[in-house]
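# Remarks on the overall topology
Each chain, letter by letter, is given below.
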Amino acid sequence: MTAPSRNAGLAWTICVILSVTGESVTTRDSLRLAWLTNSSVTCNDGTSAGYYFRRGSNTQHWVVYLEGGGYCWDMASCSARWRRRPGLMSSSRWPRARRAPALLSADPAINPLWYDSNHILLPYCSSDMWTGTRVIPKENTNFTFAGRLIVRSVIFDLLELGLVGRLLLVGSSAGAAGVMLNADATRRSLRPYGVRVAAIADSGWFLDRPAKTKRSISTDAVARLGHSYWRGSPPTSCMREYLDKPWLCYFGYRLYPHIRTPLFVFQYLFDSAQLNAEGVRAPRTRAQWDAVHQTGAALRLSLKTVRATFAPACIAHGALARPEWLAINISGVPLPRAISCWERRFEATGHDRVRCAPRRLIEKCSWPQCNGSCPRLRDPRTGEEVALAALLQSFGLDVRGAAAAMGLDARQLARMSRAELLPLLAPHT
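Residues numbered from 1 in each chain as written. Predicted model: local features only at pLDDT ≥ 70, side-chain atom pairs only at ≥ 80, totals over all residues. Heavy atoms only, no water.

Its 17 residues give helix H4 (residues 174–190) an end-to-end C-alpha distance of 23 Å, which sits within 8% of 24 Å, the value for a rise of 1.5 Å per residue. Within H4, the axis deviates most sharply at Asn 182, by approximately 50°. Burial of H4 is extensive: 13 of the 17 residues sit out of reach of the surface. (Helix = DSSP H or I, 4+ residues; strand = E, 2+ residues; numbered from the N terminus. Expected span 1.5 Å × (residues − 1). Bend = angle between axes of the 7 residues up to and from the residue. Buried < 20%, exposed > 50% of the residue type's maximum accessible area, 1.4 Å probe, protein only.)

What follows is the structure, given as C-alpha coordinates:
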(Lines give C-alpha, C1' and ligand atoms only; values in the text may rest on other atoms or scores of the structure.)
Protein backbone atom coordinates (compact mmCIF):
# COMPACT_ATOMS: atom_id res chain seq x y z
CA MET A 1 0.00 0.00 0.00
CA THR A 2 1.33 3.45 -0.92
CA ALA A 3 1.49 6.02 1.86
CA PRO A 4 -0.86 9.03 1.50
CA SER A 5 0.30 12.54 0.81
CA ARG A 6 2.04 14.35 3.64
CA ASN A 7 -0.89 16.76 4.22
CA ALA A 8 -3.35 14.04 5.22
CA GLY A 9 -5.20 15.26 8.31
CA LEU A 10 -6.48 13.77 11.52
CA ALA A 11 -10.04 13.55 10.18
CA TRP A 12 -8.80 11.20 7.45
CA THR A 13 -6.84 9.26 10.05
CA ILE A 14 -9.92 8.72 12.22
CA CYS A 15 -11.92 7.78 9.14
CA VAL A 16 -9.42 5.06 8.22
CA ILE A 17 -9.65 3.64 11.72
CA LEU A 18 -13.40 3.72 12.18
CA SER A 19 -15.05 3.52 8.77
CA VAL A 20 -14.24 -0.06 7.83
CA THR A 21 -15.84 -2.67 10.08
CA GLY A 22 -17.16 -6.18 9.80
CA GLU A 23 -15.78 -9.67 9.45
CA SER A 24 -16.04 -9.52 5.66
CA VAL A 25 -13.23 -6.93 5.46
CA THR A 26 -10.90 -8.17 8.15
CA THR A 27 -10.70 -10.61 11.02
CA ARG A 28 -12.02 -9.78 14.46
CA ASP A 29 -8.49 -9.78 15.86
CA SER A 30 -6.95 -7.22 13.52
CA LEU A 31 -5.76 -3.63 13.84
CA ARG A 32 -6.42 -0.85 11.33
CA LEU A 33 -3.74 1.41 9.86
CA ALA A 34 -3.62 5.15 10.59
CA TRP A 35 -0.96 7.58 9.35
CA LEU A 36 0.62 10.21 11.59
CA THR A 37 -0.80 13.69 11.30
CA ASN A 38 2.74 15.09 11.65
CA SER A 39 3.95 14.46 8.11
CA SER A 40 7.52 15.60 8.86
CA VAL A 41 8.11 12.46 10.94
CA THR A 42 8.91 9.55 8.63
CA CYS A 43 10.38 6.09 8.27
CA ASN A 44 14.03 5.69 7.25
CA ASP A 45 13.26 6.10 3.54
CA GLY A 46 11.01 9.15 3.90
CA THR A 47 7.68 7.33 3.62
CA SER A 48 4.98 8.27 6.13
CA ALA A 49 5.11 6.77 9.61
CA GLY A 50 1.97 5.52 11.31
CA TYR A 51 0.38 3.03 13.66
CA TYR A 52 -2.30 0.34 13.85
CA PHE A 53 -5.26 0.86 16.16
CA ARG A 54 -8.35 -0.86 17.58
CA ARG A 55 -10.71 0.68 20.08
CA GLY A 56 -11.61 -1.56 23.04
CA SER A 57 -14.51 -1.60 25.47
CA ASN A 58 -12.26 -0.45 28.34
CA THR A 59 -11.98 3.20 27.41
CA GLN A 60 -9.70 3.93 30.39
CA HIS A 61 -6.85 1.58 29.42
CA TRP A 62 -4.52 1.91 26.42
CA VAL A 63 -1.76 -0.53 25.44
CA VAL A 64 0.86 0.89 23.09
CA TYR A 65 3.27 -1.68 21.65
CA LEU A 66 6.63 -0.76 20.09
CA GLU A 67 7.80 -3.44 17.69
CA GLY A 68 11.41 -4.56 17.56
CA GLY A 69 13.57 -5.68 14.68
CA GLY A 70 17.23 -4.85 15.29
CA TYR A 71 18.90 -1.65 14.11
CA CYS A 72 21.63 -0.29 11.87
CA TRP A 73 24.36 2.10 12.96
CA ASP A 74 26.36 3.34 9.97
CA MET A 75 26.15 3.63 6.20
CA ALA A 76 27.32 0.06 5.58
CA SER A 77 24.97 -1.61 8.05
CA CYS A 78 21.98 0.52 6.99
CA SER A 79 22.62 -0.17 3.29
CA ALA A 80 22.77 -3.89 4.07
CA ARG A 81 19.57 -3.62 6.13
CA TRP A 82 17.83 -1.87 3.22
CA ARG A 83 18.81 -4.65 0.84
CA ARG A 84 17.81 -7.47 3.16
CA ARG A 85 14.91 -6.11 5.22
CA PRO A 86 13.41 -3.03 3.52
CA GLY A 87 10.14 -3.64 5.35
CA LEU A 88 11.86 -2.46 8.54
CA MET A 89 12.82 0.87 6.93
CA SER A 90 9.76 1.82 4.89
CA SER A 91 5.96 1.95 5.13
CA SER A 92 5.45 1.58 1.37
CA ARG A 93 4.10 -1.96 1.73
CA TRP A 94 2.22 -1.69 4.99
CA PRO A 95 -1.18 -3.41 4.73
CA ARG A 96 -4.40 -1.62 5.68
CA ALA A 97 -4.90 -4.11 8.52
CA ARG A 98 -2.63 -6.35 10.58
CA ARG A 99 -3.33 -9.31 12.79
CA ALA A 100 -2.72 -8.39 16.42
CA PRO A 101 0.23 -9.89 18.28
CA ALA A 102 -0.66 -11.81 21.43
CA LEU A 103 -0.52 -8.90 23.87
CA LEU A 104 -2.87 -6.86 21.63
CA SER A 105 -5.32 -9.67 20.92
CA ALA A 106 -9.02 -9.10 21.60
CA ASP A 107 -9.35 -12.78 22.49
CA PRO A 108 -9.23 -13.29 26.31
CA ALA A 109 -7.94 -16.83 25.77
CA ILE A 110 -4.81 -15.36 24.13
CA ASN A 111 -4.64 -12.08 26.03
CA PRO A 112 -6.30 -12.41 29.44
CA LEU A 113 -4.81 -9.17 30.79
CA TRP A 114 -5.63 -6.53 28.16
CA TYR A 115 -8.10 -8.08 25.70
CA ASP A 116 -10.63 -5.25 26.20
CA SER A 117 -8.12 -2.36 26.17
CA ASN A 118 -7.52 0.11 23.37
CA HIS A 119 -4.72 -1.44 21.30
CA ILE A 120 -2.04 0.47 19.40
CA LEU A 121 0.78 -1.17 17.43
CA LEU A 122 3.73 0.96 16.30
CA PRO A 123 5.47 -0.74 13.35
CA TYR A 124 9.24 -0.34 13.52
CA CYS A 125 10.62 1.54 10.51
CA SER A 126 13.28 3.82 12.04
CA SER A 127 16.09 1.30 12.79
CA ASP A 128 17.24 3.35 15.79
CA MET A 129 15.87 1.66 18.91
CA TRP A 130 13.10 4.31 18.84
CA THR A 131 15.48 7.06 19.93
CA GLY A 132 16.52 8.92 16.77
CA THR A 133 15.83 12.60 16.06
CA ARG A 134 17.60 12.92 12.69
CA VAL A 135 14.91 14.27 10.34
CA ILE A 136 17.36 15.47 7.68
CA PRO A 137 19.45 12.68 6.11
CA LYS A 138 23.09 12.67 7.03
CA GLU A 139 25.51 13.62 4.29
CA ASN A 140 25.93 10.89 1.64
CA THR A 141 22.87 8.96 2.88
CA ASN A 142 19.15 8.92 2.11
CA PHE A 143 17.98 7.77 5.53
CA THR A 144 16.35 9.64 8.38
CA PHE A 145 16.14 8.27 11.93
CA ALA A 146 13.09 9.57 13.79
CA GLY A 147 12.07 6.83 16.23
CA ARG A 148 11.76 9.10 19.25
CA LEU A 149 9.73 11.61 17.24
CA ILE A 150 7.43 8.86 15.97
CA VAL A 151 6.61 7.81 19.54
CA ARG A 152 5.94 11.41 20.52
CA SER A 153 3.72 12.02 17.48
CA VAL A 154 1.68 8.86 18.09
CA ILE A 155 0.99 9.94 21.68
CA PHE A 156 -0.26 13.33 20.50
CA ASP A 157 -2.52 11.67 17.90
CA LEU A 158 -3.92 9.34 20.57
CA LEU A 159 -4.87 12.35 22.70
CA GLU A 160 -6.97 13.56 19.76
CA LEU A 161 -8.59 10.12 19.66
CA GLY A 162 -9.61 10.37 23.32
CA LEU A 163 -6.64 9.01 25.31
CA VAL A 164 -7.60 9.05 29.00
CA GLY A 165 -6.98 6.94 32.10
CA ARG A 166 -3.92 4.71 31.94
CA LEU A 167 -1.39 3.99 29.22
CA LEU A 168 0.85 0.92 29.22
CA LEU A 169 3.92 1.34 27.01
CA VAL A 170 5.22 -2.08 25.97
CA GLY A 171 7.97 -3.19 23.61
CA SER A 172 9.95 -6.26 22.56
CA SER A 173 13.65 -6.44 21.69
CA ALA A 174 14.67 -3.09 20.15
CA GLY A 175 11.14 -2.00 21.00
CA ALA A 176 11.80 -2.82 24.65
CA ALA A 177 14.92 -0.67 24.58
CA GLY A 178 12.72 2.01 23.03
CA VAL A 179 10.25 1.67 25.88
CA MET A 180 12.95 2.30 28.48
CA LEU A 181 14.34 5.21 26.46
CA ASN A 182 10.91 6.86 25.97
CA ALA A 183 8.95 5.97 29.10
CA ASP A 184 9.73 9.05 31.18
CA ALA A 185 9.28 11.47 28.27
CA THR A 186 5.90 9.87 27.55
CA ARG A 187 4.88 10.10 31.19
CA ARG A 188 5.85 13.79 31.37
CA SER A 189 3.98 14.64 28.16
CA LEU A 190 0.79 13.00 29.45
CA ARG A 191 0.91 14.31 33.02
CA PRO A 192 -1.04 17.51 32.18
CA TYR A 193 -3.85 15.33 30.79
CA GLY A 194 -4.09 13.16 33.91
CA VAL A 195 -3.00 10.01 32.06
CA ARG A 196 -0.98 7.57 34.19
CA VAL A 197 1.86 5.74 32.43
CA ALA A 198 3.62 2.45 33.16
CA ALA A 199 5.99 0.40 31.01
CA ILE A 200 7.01 -3.19 30.21
CA ALA A 201 10.33 -4.04 28.54
CA ASP A 202 10.37 -7.50 26.93
CA SER A 203 13.83 -8.76 25.98
CA GLY A 204 15.52 -5.39 25.54
CA TRP A 205 17.88 -5.53 28.51
CA PHE A 206 21.11 -5.62 26.51
CA LEU A 207 24.60 -5.71 28.01
CA ASP A 208 27.73 -3.93 26.77
CA ARG A 209 29.85 -7.08 26.80
CA PRO A 210 32.75 -7.67 24.39
CA ALA A 211 32.24 -9.85 21.32
CA LYS A 212 33.62 -13.38 21.59
CA THR A 213 34.83 -13.47 17.98
CA LYS A 214 36.81 -11.04 15.85
CA ARG A 215 34.09 -11.10 13.19
CA SER A 216 31.50 -9.62 15.56
CA ILE A 217 31.26 -5.92 16.40
CA SER A 218 30.74 -5.28 20.10
CA THR A 219 27.43 -3.96 21.38
CA ASP A 220 29.31 -1.02 22.89
CA ALA A 221 30.70 -0.06 19.46
CA VAL A 222 27.27 -0.42 17.85
CA ALA A 223 25.69 1.88 20.46
CA ARG A 224 28.52 4.42 20.09
CA LEU A 225 28.19 4.58 16.30
CA GLY A 226 24.40 4.45 16.34
CA HIS A 227 24.02 7.23 18.91
CA SER A 228 25.81 9.62 16.57
CA TYR A 229 24.31 8.29 13.33
CA TRP A 230 20.73 8.47 14.62
CA ARG A 231 21.23 11.67 16.60
CA GLY A 232 19.95 9.61 19.49
CA SER A 233 18.24 11.16 22.46
CA PRO A 234 18.46 9.03 25.62
CA PRO A 235 17.18 10.55 28.89
CA THR A 236 19.11 13.67 29.88
CA SER A 237 19.89 12.52 33.43
CA CYS A 238 21.56 9.37 32.11
CA MET A 239 23.63 11.30 29.57
CA ARG A 240 24.77 13.61 32.36
CA GLU A 241 26.11 10.61 34.23
CA TYR A 242 27.94 9.34 31.16
CA LEU A 243 29.05 12.66 29.67
CA ASP A 244 31.99 11.15 27.80
CA LYS A 245 30.09 8.02 26.73
CA PRO A 246 26.40 8.90 26.36
CA TRP A 247 25.82 5.77 24.27
CA LEU A 248 26.06 3.69 27.45
CA CYS A 249 22.50 4.84 28.17
CA TYR A 250 21.25 2.35 25.56
CA PHE A 251 22.03 -0.51 27.97
CA GLY A 252 19.23 -1.32 30.39
CA TYR A 253 21.23 -1.77 33.56
CA ARG A 254 22.92 1.62 33.07
CA LEU A 255 19.70 3.40 32.11
CA TYR A 256 17.46 1.82 34.74
CA PRO A 257 18.49 4.03 37.73
CA HIS A 258 17.32 7.06 35.74
CA ILE A 259 13.84 5.72 34.88
CA ARG A 260 11.04 7.08 37.08
CA THR A 261 8.12 5.44 35.28
CA PRO A 262 6.93 2.13 36.84
CA LEU A 263 8.78 -0.51 34.82
CA PHE A 264 8.43 -4.30 34.57
CA VAL A 265 11.43 -6.06 33.00
CA PHE A 266 11.02 -9.44 31.30
CA GLN A 267 14.35 -10.90 30.27
CA TYR A 268 15.51 -14.39 29.39
CA LEU A 269 18.76 -15.05 31.29
CA PHE A 270 20.30 -16.58 28.18
CA ASP A 271 18.87 -14.13 25.68
CA SER A 272 19.64 -15.39 22.18
CA ALA A 273 19.96 -11.87 20.72
CA GLN A 274 22.55 -10.98 23.37
CA LEU A 275 24.41 -14.23 22.67
CA ASN A 276 24.27 -13.55 18.95
CA ALA A 277 25.67 -10.04 19.49
CA GLU A 278 28.56 -11.60 21.40
CA GLY A 279 29.26 -14.01 18.54
CA VAL A 280 27.84 -17.11 20.26
CA ARG A 281 25.31 -18.19 17.64
CA ALA A 282 25.14 -21.99 17.79
CA PRO A 283 27.07 -23.20 20.85
CA ARG A 284 28.33 -26.77 20.64
CA THR A 285 31.67 -27.00 22.41
CA ARG A 286 32.32 -26.81 26.14
CA ALA A 287 34.11 -23.47 25.65
CA GLN A 288 31.11 -22.05 23.81
CA TRP A 289 28.76 -23.20 26.53
CA ASP A 290 31.07 -21.64 29.12
CA ALA A 291 30.55 -18.37 27.24
CA VAL A 292 26.78 -18.89 27.41
CA HIS A 293 27.02 -19.42 31.17
CA GLN A 294 29.08 -16.26 31.56
CA THR A 295 26.47 -14.24 29.71
CA GLY A 296 23.72 -15.74 31.86
CA ALA A 297 25.62 -14.89 35.04
CA ALA A 298 26.18 -11.33 33.82
CA LEU A 299 22.50 -10.87 32.96
CA ARG A 300 21.46 -12.24 36.34
CA LEU A 301 23.82 -9.84 38.13
CA SER A 302 22.64 -6.88 36.07
CA LEU A 303 19.05 -7.41 37.25
CA LYS A 304 19.89 -7.27 40.97
CA THR A 305 18.51 -3.74 41.49
CA VAL A 306 15.40 -4.08 39.31
CA ARG A 307 12.29 -3.80 41.44
CA ALA A 308 9.94 -5.76 39.17
CA THR A 309 11.42 -8.44 36.95
CA PHE A 310 10.70 -11.90 35.53
CA ALA A 311 13.79 -13.75 34.27
CA PRO A 312 13.54 -17.43 33.22
CA ALA A 313 16.70 -19.41 32.45
CA CYS A 314 15.93 -19.93 28.77
CA ILE A 315 17.76 -19.53 25.49
CA ALA A 316 15.18 -17.43 23.64
CA HIS A 317 14.27 -13.87 22.72
CA GLY A 318 10.94 -12.08 22.99
CA ALA A 319 7.77 -13.35 24.66
CA LEU A 320 4.76 -11.03 24.82
CA ALA A 321 3.94 -10.98 21.12
CA ARG A 322 3.70 -14.77 20.98
CA PRO A 323 0.85 -17.01 22.20
CA GLU A 324 3.35 -19.06 24.25
CA TRP A 325 3.73 -16.16 26.69
CA LEU A 326 0.83 -17.60 28.70
CA ALA A 327 2.78 -20.78 29.50
CA ILE A 328 6.07 -19.24 30.67
CA ASN A 329 6.43 -19.53 34.43
CA ILE A 330 8.98 -19.40 37.24
CA SER A 331 8.42 -21.56 40.33
CA GLY A 332 4.82 -22.10 39.24
CA VAL A 333 4.03 -18.40 38.79
CA PRO A 334 2.94 -17.72 35.18
CA LEU A 335 4.18 -14.56 33.48
CA PRO A 336 0.63 -13.11 33.05
CA ARG A 337 0.01 -13.46 36.78
CA ALA A 338 3.32 -11.74 37.63
CA ILE A 339 2.46 -8.82 35.32
CA SER A 340 -1.09 -8.60 36.67
CA CYS A 341 0.21 -8.42 40.24
CA TRP A 342 2.70 -5.73 39.26
CA GLU A 343 -0.03 -3.65 37.64
CA ARG A 344 -2.26 -3.98 40.70
CA ARG A 345 0.58 -2.85 42.96
CA PHE A 346 1.37 0.42 41.21
CA GLU A 347 -2.34 1.14 40.74
CA ALA A 348 -3.05 0.68 44.47
CA THR A 349 -3.62 3.90 46.38
CA GLY A 350 -3.49 4.97 49.99
CA HIS A 351 -3.30 2.06 52.42
CA ASP A 352 -4.28 -0.55 49.84
CA ARG A 353 -2.11 -3.62 50.02
CA VAL A 354 -1.75 -6.14 47.26
CA ARG A 355 -0.78 -9.66 48.26
CA CYS A 356 0.22 -11.41 45.13
CA ALA A 357 3.18 -12.93 43.29
CA PRO A 358 6.69 -11.74 44.25
CA ARG A 359 7.90 -8.57 42.51
CA ARG A 360 11.16 -10.23 41.53
CA LEU A 361 11.12 -13.67 39.96
CA ILE A 362 14.57 -14.71 38.74
CA GLU A 363 15.26 -18.35 37.93
CA LYS A 364 17.27 -20.03 40.68
CA CYS A 365 18.92 -22.68 38.54
CA SER A 366 21.97 -21.53 36.59
CA TRP A 367 21.93 -23.68 33.44
CA PRO A 368 20.13 -22.96 30.17
CA GLN A 369 16.70 -24.46 29.49
CA CYS A 370 16.35 -25.79 33.04
CA ASN A 371 12.87 -24.27 33.17
CA GLY A 372 10.29 -26.69 31.80
CA SER A 373 8.24 -23.83 30.33
CA CYS A 374 11.10 -22.51 28.17
CA PRO A 375 10.46 -22.29 24.42
CA ARG A 376 11.89 -25.37 22.70
CA LEU A 377 15.47 -25.06 21.51
CA ARG A 378 16.08 -26.15 17.93
CA ASP A 379 19.20 -26.98 15.97
CA PRO A 380 19.69 -24.05 13.54
CA ARG A 381 21.03 -26.40 10.85
CA THR A 382 18.26 -29.00 10.91
CA GLY A 383 15.35 -27.24 12.60
CA GLU A 384 14.90 -30.26 14.85
CA GLU A 385 14.41 -29.93 18.59
CA VAL A 386 17.60 -30.44 20.59
CA ALA A 387 17.24 -33.28 23.11
CA LEU A 388 17.63 -31.92 26.61
CA ALA A 389 20.05 -34.65 27.69
CA ALA A 390 22.29 -33.90 24.69
CA LEU A 391 22.09 -30.20 25.45
CA LEU A 392 23.09 -30.70 29.06
CA GLN A 393 25.95 -32.99 28.10
CA SER A 394 27.28 -30.46 25.57
CA PHE A 395 27.88 -27.87 28.27
CA GLY A 396 29.49 -30.23 30.72
CA LEU A 397 26.88 -32.12 32.71
CA ASP A 398 28.09 -35.62 33.60
CA VAL A 399 25.05 -37.43 32.21
CA ARG A 400 26.41 -40.84 33.20
CA GLY A 401 27.05 -39.63 36.74
CA ALA A 402 23.61 -38.05 36.98
CA ALA A 403 22.02 -41.24 35.66
CA ALA A 404 23.92 -43.36 38.18
CA ALA A 405 22.87 -41.05 41.01
CA MET A 406 19.24 -41.58 40.00
CA GLY A 407 19.63 -45.32 39.55
CA LEU A 408 19.15 -45.16 35.79
CA ASP A 409 21.02 -46.34 32.74
CA ALA A 410 22.59 -43.44 30.78
CA ARG A 411 20.81 -44.51 27.58
CA GLN A 412 17.49 -44.63 29.42
CA LEU A 413 18.09 -41.12 30.72
CA ALA A 414 18.98 -39.85 27.22
CA ARG A 415 15.67 -41.15 25.85
CA MET A 416 13.57 -39.39 28.48
CA SER A 417 11.30 -36.56 27.46
CA ARG A 418 11.88 -33.04 28.64
CA ALA A 419 8.97 -33.25 31.09
CA GLU A 420 10.37 -36.45 32.62
CA LEU A 421 13.98 -35.30 32.73
CA LEU A 422 13.77 -31.84 34.26
CA PRO A 423 12.33 -32.84 37.66
CA LEU A 424 14.88 -35.64 38.00
CA LEU A 425 17.88 -33.53 37.07
CA ALA A 426 17.05 -30.44 39.13
CA PRO A 427 18.56 -31.72 42.40
CA HIS A 428 21.73 -32.90 40.62
CA THR A 429 22.66 -29.68 38.73
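Evaluated as defined, the whole model comprises 14 aromatic pairs. Pairing Tyr 71 with Trp 230 gives two aromatic rings, centres 6.5 Å apart and planes at 65°, and the pair type is edge-to-face. Of this pair, Tyr 71 sits in the loop between strand E3 (61–66) and helix H2 (75–84) while Trp 230 is found in helix H5 (residues 219–230), placing the two residues 159 residues apart along the sequence. The exposure class assigned to Trp 230 is buried, which follows from its relative accessible area of 0%. Plain terms: the ring middles of Phe 264 and Trp 342 are 5.6 Å apart, the flat faces sit at 55° to each other, and that makes the pair tilted. Of this pair, Phe 264 sits in strand E8 (residues 263–266) while Trp 342 sits in helix H10 (residues 335–347), placing them 78 residues apart in sequence. (Phe/Tyr/Trp six-rings, centres within 6.5 Å; stacked < 30°, edge-to-face > 60°.)

Here we come to the environment of Arg 260. Its location among the elements puts Arg 260 in the loop between helix H7 (252–255) and E8. In the structure, Arg 260 is positioned 73 residues away from Arg 187 in sequence and 9.0 Å away in space, judged by C-alpha atoms. Setting aside residues no more than four positions away along its own chain, Arg 260 makes contact with Asp 184 and Arg 187. Among the polar contacts made by the side chain of Arg 260, one reaches the main-chain carbonyl oxygen of Pro 257 at a distance of 2.8 Å. (Contact = heavy atoms within 4.5 Å. Polar contact = N/O pair within 3.5 Å; in protein donor to acceptor, adjacent residues only side chain to side chain.)

For the structure shown, the criterion picks out four cavities of 30 Å³ or more. Approximately 90 Å³ is the volume found for the largest cavity. Taken together, Tyr 71, Met 129, Phe 206, Thr 219, Val 222, Ala 223, Tyr 250 and Phe 251 make up the lining of the largest cavity. Here the residues of the lining of the largest cavity sort into seven nonpolar, one polar and no charged. (1 Å grid on protein atoms, 1.4 Å probe; cavity = no way out; pocket = protein on both sides within 12 Å on 5 of 7 lines; lining within 4 Å. Points joined across faces, edges and corners; volume = space filled by probe spheres on them. Nonpolar A, V, L, I, M, F, W, Y, C, P; charged D, E, K, R; others polar.)

Attention now moves to the pattern of salt bridges. Scanning the entire structure with this criterion turns up five salt bridges. Arg 54 is paired through a salt bridge with Asp 29; the nearest N and O atoms lie 3.6 Å apart. Of this pair, Arg 54 sits in strand E2 (residues 50–54) while Asp 29 sits in the loop between helix H1 (10–18) and strand E1 (30–35), placing them 25 residues apart in sequence. Owing to a relative accessible area of 12%, Asp 29 belongs among the buried residues under this scheme. Residues Arg 209 and Glu 278 are paired through a salt bridge, measuring 2.9 Å at the closest nitrogen-oxygen approach. Remark: Glu 278 occurs in the loop between helix H8 (272–277) and helix H9 (286–302) and Arg 209 occurs in the loop between strand E7 (196–202) and H5; sequence separation between them is 69 residues. Judged by its relative accessible area of 18%, Arg 209 falls in the buried class. By relative accessible area, which is 0% here, Glu 278 ends up buried. (Salt bridge = Lys/Arg side-chain N within 4 Å of Asp/Glu carboxyl O.)

Our next topic: the nonpolar core. Residues Tyr 51, Leu 158 and Phe 264 are the most contacted members of the largest nonpolar core, which totals 119 residues. Ranked by residue count, the leading element in this core is H4, at eight residues. Discounting chain neighbours no more than four positions away, the residues touching Phe 264 are Ala 199, Ile 200, Ala 201, Ala 308, Thr 309, Phe 310, Leu 335, Ala 338, Ile 339 and Trp 342. (Core = buried A, V, L, I, M, F, W, Y, C linked by side-chain atoms within 4.5 Å.)

Further remarks concern the state of the cysteines. Following the criterion strictly, the structure yields six disulfides and no others. In this model, Cys 314 is linked to Cys 374 through a disulfide, with the two sulfur atoms separated by 2.0 Å. Torsion about the S-S bond of the Cys 314 and Cys 374 cystine: about -85°, corresponding to left-handed handedness. With Cys 314 in the loop between strand E9 (309–311) and strand E10 (329–330) and Cys 374 in the loop between strand E12 (360–362) and helix H11 (388–394), the pair connects residues that are 60 residues apart, well separated along the chain. You can call Cys 314 buried: its relative accessible area is 0%. Assessed through its relative accessible area of 2%, Cys 374 is described here as buried. The disulfide partner of Cys 341 is Cys 356, and the S-S distance across this bridge is 1.6 Å. Across the S-S bond linking Cys 341 and Cys 356, the dihedral sits near -45°, which makes this disulfide left-handed. With a gap of 15 residues between them, Cys 341 in helix H10 and Cys 356 in the loop between H10 and E12 connect regions that are remote in the sequence. (Disulfide = S-S within 2.5 Å.)

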